[in-house]
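Summary of structural features
Take a look at the letters that make up each chain.
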There are 2 protein chains.
Amino acid sequence: MAKKTRIVQMGLGPIGNKVTQFLAEKAGIEIVGAIDADPAKAGQDIGVLAGLPALGVKVTADMKAVLGGKDVDVVILTTTSSLVKTADQLAELLPYGVNVISSCEELSYPWLTNPGLAGKIDKLARENNVAVLATGVNPGFLMDYLPVVMTGVCRNVRKVTVERIQDATFRRIPFQKKIGAGLTVAQFHEKVKEGTLRHVGLTESMHMIASCLGWKLDKTEDIISPIVAEYEVKTEGLSVKAGDVLGVQQIGRGIVAGEELVTMIFRAAIGQPDVRDRIVIDGTPSLDSSFKGGVNGDVATCAILINAIPSVVSARPGLRTMVDIQAPHCFK
Amino acid sequence: MAKKTRIVQMGLGPIGNKVTQFLAEKAGIEIVGAIDADPAKAGQDIGVLAGLPALGVKVTADMKAVLGGKDVDVVILTTTSSLVKTADQLAELLPYGVNVISSCEELSYPWLTNPGLAGKIDKLARENNVAVLATGVNPGFLMDYLPVVMTGVCRNVRKVTVERIQDATFRRIPFQKKIGAGLTVAQFHEKVKEGTLRHVGLTESMHMIASCLGWKLDKTEDIISPIVAEYEVKTEGLSVKAGDVLGVQQIGRGIVAGEELVTMIFRAAIGQPDVRDRIVIDGTPSLDSSFKGGVNGDVATCAILINAIPSVVSARPGLRTMVDIQAPHCFK
């Protein structure tokens, strides 16, 4: 029998707990440790935290106890969207000689948004002979990697447009809050100013696409605005008055020599019509691809974190991105 | 300035000539040689053969003169659909220490259809420290690689169905003939028996998908049938009487423990309605993705052969498939 791949989870919030559920189904995977700084989680079984029977793996804040001298293949890091914070955590993790798969949006393609930190992480990973990858449904798949993959059959590409239009009506309440649903327009703008209401990753996605196609973006924009209710809208857990916020729209624009060559349209709101994930490539040939009904983001993010495990284990050492590893795919 | 990637083309039929056109547009590519056994092509300039101005590269049958002691990165091999014939050509090519990208359909995923030859090619490639890849639009992309990539966001997959439905009305006459358009039904079946009328690759595509998902196919079927004209149909170059053949349908079925887990529906005919390239994944989440208007196969096959160059140059030595290299994408 082939040796199981030995996984440690770090960060046991909602995404981490769902990752536990998915990992527990994989025959070739063994979860061998769990790290979280939250004292309230210390000593708890990760199976129980995930709503499963106990898995015999207890959470601890003590990284050294979990990784020191142990045989661990990959750490799944689901702690933060911040590249700066993730870099600190990687500085602690990588010297243990573990590969890392992170959900950090800003780490998905940091080569142009923060080349200094990207280079540091790359160097540290290579010194420790391990690979680091950040992925997720978006950034990491729908709005960057998949459009790049589709250009594989193109003789040339003139422009790429990606639309991710989601109806948040039946998503969990934390997601509805995250997109600003139920806020007044003033509160929405306040939260944008604070930096707490924003889909992180459009700029990274645009840079990934542009770099692959050989375009140097002179300028990127990521413009956020509220989607406002024209009349009162009620969901199971939330009621939004006319004039208040149903959700968020973000438009990303990547400009080369005054021309907009990459466009990202991200919209997530309660009652949003015309749900779709659409990739339009203006090129030879032109391509217009859509997912009917879109792609469920909660499931997809956790799935791709796990499906990337074999690709990361076999990757060249260093900071990798989705476009320089072998294709992650579902496995047993 | 970065060193250009040095390419030799082998096989200068219609696909090879189109590859020349596309290669000539790439700033980072230099065509340094051309090999074809056809005496009628000997001494001809590959640019002229491709309908371009002369490129200063003459065709020769003398492989040693082109590759011996020369600095060549990749040979683009567009000679045959036959794995057996391709294996013979690779046995000559690989000892020159060149990577090879081939359009041979049967080489796209030969690990289960012909494990003996696949193993031999893999060994020879590793001995010569080079990588070999076969790709194309289909097999190689639409009906295998892209469905596999899409499962990357799936927690689990129960079944995969791929449809490639093409209208041949405006395709070149050789393509129309290749799919049997204009034949009587009896002639169609005769050609099928001879093995000269068949889309090659459905079985390879099914094995690629199944292997990635951890399924072992107990049985595969690839059933070919004519699409028959109900009334007379005329195109620019062809007239098909009622009762004669408009094109071909092939249905691939991959069976695991009595259940059909992979289904391929390939149809190419004159006047074919509902043109589409569609990938349906029954899983968590289920995905239903379509290309509006389908994907032009002539352009796409040549594009992916070229777009795979950087992925093959950086690949691990051995016989590679699309699912174990980094994503090919359009480049400048």
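Cut-offs and rules
- Residues numbered from 1 in each chain as written.
- Chains lettered and ligands numbered in written order.
- Predicted model: local features only at pLDDT ≥ 70, side-chain atom pairs only at ≥ 80, totals over all residues.
- Heavy atoms only, no water.
- Least-squares fit on C-alpha atoms with pLDDT ≥ 70 in both.
- Contact = heavy atoms within 4.5 Å.
- Buried area = accessible area lost by both parts, 1.4 Å probe.
- Salt bridge = Lys/Arg side-chain N within 4 Å of Asp/Glu carboxyl O.
- Polar contact = N/O pair within 3.5 Å; in protein donor to acceptor, adjacent residues only side chain to side chain.
- Helix = DSSP H or I, 4+ residues; strand = E, 2+ residues; numbered from the N terminus.
- Nonpolar A, V, L, I, M, F, W, Y, C, P; charged D, E, K, R; others polar.
- Pairing = 2+ DSSP bridges.
- Axes fitted to C-alpha atoms, helices over the stretch in contact; angles between N-to-C directions.
- Buried < 20%, exposed > 50% of the residue type's maximum accessible area, 1.4 Å probe, protein only.
- Arc of directions from axis to C-beta.
- Phe/Tyr/Trp six-rings, centres within 6.5 Å; stacked < 30°, edge-to-face > 60°.
- Lys NZ or Arg CZ within 6 Å of the ring centre and 35° of its normal.
- Disulfide = S-S within 2.5 Å.
- Parallel < 35°, antiparallel > 145°, perpendicular 65-115°, else oblique.
- Left-handed = near helix turned anticlockwise from the far one by under 90°.

1. Things to note about the relation of the copies chain A and chain B
Between chain A and chain B, the superposition needs a rotation of 180° and an axial shift of 0.0 Å, giving an RMSD of 0.0 Å. Given the turn and translation reported, the copies of this chain are related as if by a two-fold rotation axis. Nearest to the rotation axis, the C-alpha of A:Gln326 is located 2.3 Å from it, this being the minimum over chain A. Here 98% of the interface residues in chain A have copies in chain B that are interface residues too; the copies meet face to matching face.

2. Let's talk about the interface of chain A and chain B
On the chain B side, the residues contacting the 48 residues of chain A number 47 residues. Buried area between chain A and chain B, both sides added, is near 3,900 Å², and the carbon and sulfur share of it is 61%. The largest contributions to the chain A side of the interface with chain B come from A:Val153, A:Arg155 and A:Cys330, which together make up 18% of the buried area. Linking chain A with chain B are two salt bridges. Across the chain A-chain B interface, the total number found is 15 residue pairs in polar contact (both at pLDDT 80 or more). Listed by contribution, the elements that provide at least two residues to the side of chain A that touches chain B are α1 (14-23), α6 (145-150), β7 (156-167), α9 (202-213), β14 (287-292) and α10 (297-307) of chain A. Among the elements that make up the side of chain A that touches chain B, the one with the highest residue count is β14(A) (six residues). Class assignment for the residues of the side of chain A that touches chain B results in 28 nonpolar, 12 polar and eight charged. Sheet topology places β14(A) next to strand β14 (residues 287-292) of chain B; three bridges connect them, and they run antiparallel. The residue bridging A:Ser290 from the neighbouring strand is B:Ser290, located in β14(B).

3. With respect to the sheet that holds strand β8 (residues 219-228) of chain B
If you walk across this open sheet you meet the 12 strands as β8(A)-β11(A)-β12(A)-β7(A)-β13(A)-β14(A)-β14(B)-β13(B)-β7(B)-β12(B)-β11(B)-β8(B), and the pairing is mixed. Strand pairing shows two members of the sheet lacking a second neighbour, β8 (219-228) of chain A together with β8 of chain B, which therefore form its edges. Strand-to-strand twist of the sheet, defined as the mean angle between neighbouring strand axes without regard to direction, takes the value 15°. In this structure, strand β11 (residues 245-256) of chain B lies alongside strand β12 (residues 259-269) of chain B, joined through 10 bridges in antiparallel fashion. For B:Val256, the partnering residue across the bridge sits in β12(B) and is B:Glu259.

4. Here's the deal with the pattern of salt bridges
Using the criterion set out here, one finds 39 salt bridges over all chains in the structure. The partner of A:Lys219 in a salt bridge is A:Glu221, with the nearest N and O atoms 3.4 Å apart. Assessed through its relative accessible area of 22%, A:Glu221 is described here as partly exposed. The partner of B:Asp71 in a salt bridge is B:Arg6, and the shortest N-O contact between them spans 3.9 Å. One end of the pair, B:Asp71, is in the loop between α3 (63-67) and β4 (74-77); the other, B:Arg6, is in strand β1 (residues 5-10), and 65 residues separate them in sequence.

5. Points about helix α4 (residues 83-93) of chain B
Residue and element names in this part refer to chain B. Restricting attention to buried positions, one finds in α4 the residues Leu 83, Thr 86, Ala 87, Gln 89, Leu 90 and Leu 93. Axial view of α4: buried residues confined to an arc of 165°, hence all on one face. Away from its buried face by more than 90 degrees, α4 exposes Val 84, Lys 85 and Asp 88. Where α4 is buried, its residues contact β1, α3, β4, β5 (99-102), α5 (115-127) and β6 (131-134). Where α4 starts, the residue carrying a side-chain oxygen 3.3 Å from the main-chain nitrogen of Val 84 turns out to be Ser 82.

6. Looking at the packing of aromatic side chains
Applying the stated criterion to the full structure yields two aromatic pairs over all chains. Geometrically, the ring pair formed by B:Phe141 and B:Tyr145 is tilted, given 5.9 Å between the ring centres and 50° between the ring planes. The two residues B:Phe141 and B:Tyr145 agree in class, both being buried. Over the ring of A:Phe175 we find A:Arg171, and its NZ or CZ is 3.9 Å from the ring centre. When the ring centre of B:Phe331 is taken as origin, the NZ or CZ atom of B:Lys26, which lies over that ring, is 4.7 Å away.

7. Considering the state of the cysteines
Under the counting rule described, the total for this entry stands at zero disulfides over all chains. With no disulfide of its own, A:Cys212 lies closest to B:Cys330 among cysteine sulfurs, the gap being 10 Å. Under the relative-accessibility criterion, A:Cys212 is labelled buried at 8%.

8. A look at the environment of A:Gln89
Residues and elements named next belong to chain A. Positionally, Gln 89 belongs in helix α4 (residues 83-93). Placed 10 residues apart in sequence, Gln 89 and Thr 79 show a C-alpha to C-alpha distance of 9.2 Å. Beyond its immediate stretch of four places on either side in the chain, Gln 89 contacts Met 10, Leu 77, Thr 79 and Thr 80.

9. Examining unusual backbone geometry
Each neighbour pair has its own omega, and for A:Thr284 with A:Pro285 the value is -10°, a cis peptide bond. Non-glycine residue A:Ala257 carries a positive phi angle of around 50°. In this structure, A:Ala257 sits in the loop between β11 (245-256) and β12 (259-269). A positive phi angle, near 55°, is found at B:Asp274, a position not held by glycine.

10. Here's the deal with the side chain of B:Asn99
All names here are of chain B. Mapped onto the elements of the fold, Asn 99 is located in strand β5. For Asn 99, the side chain forms a polar contact with the main-chain nitrogen of Ala 131, separated by 2.8 Å. With residues up to four places along the chain from it excluded, the contact list for Asn 99 reads Asp 73, Val 74, Val 75, Val 130, Ala 131, Val 312 and Val 313.

11. Focus on the environment of B:Ser311
Residue and element names in this part refer to chain B. Relative to the elements of secondary structure, Ser 311 occurs in helix α11 (residues 309-313). Spatially, the C-alpha atom of Ser 311 lies 8.9 Å from that of His 329, the residues being 18 residues apart in sequence. Excluding its chain neighbours within four sequence positions, the residues that come into contact with Ser 311 are Ile 325, Gln 326, Ala 327 and Pro 328.

12. Looking at the packing of α4(A) against helix α5 (residues 115-127) of chain A
Residues and elements named next belong to chain A. Relative orientation of the contacting elements α4 and α5 amounts to 20°, with a least axis distance of 11 Å. Comparing the axis directions of α4 and α5 gives the class roughly parallel. Between α4 and α5 the crossing geometry is left-handed. When α4 is examined against α5, the residues Leu 83, Val 84, Ala 87, Leu 90 and Ala 91 are found in contact with a partner set consisting of Leu 117, Ile 121 and Leu 124.

13. Focus on the pairing of β7(A)
One ladder, built from nine bridges, connects β7(A) with strand β13 (residues 276-284) of chain A; its direction is antiparallel. Its bridge partner being in β13(A), A:Thr161 is matched across the sheet by A:Val280.

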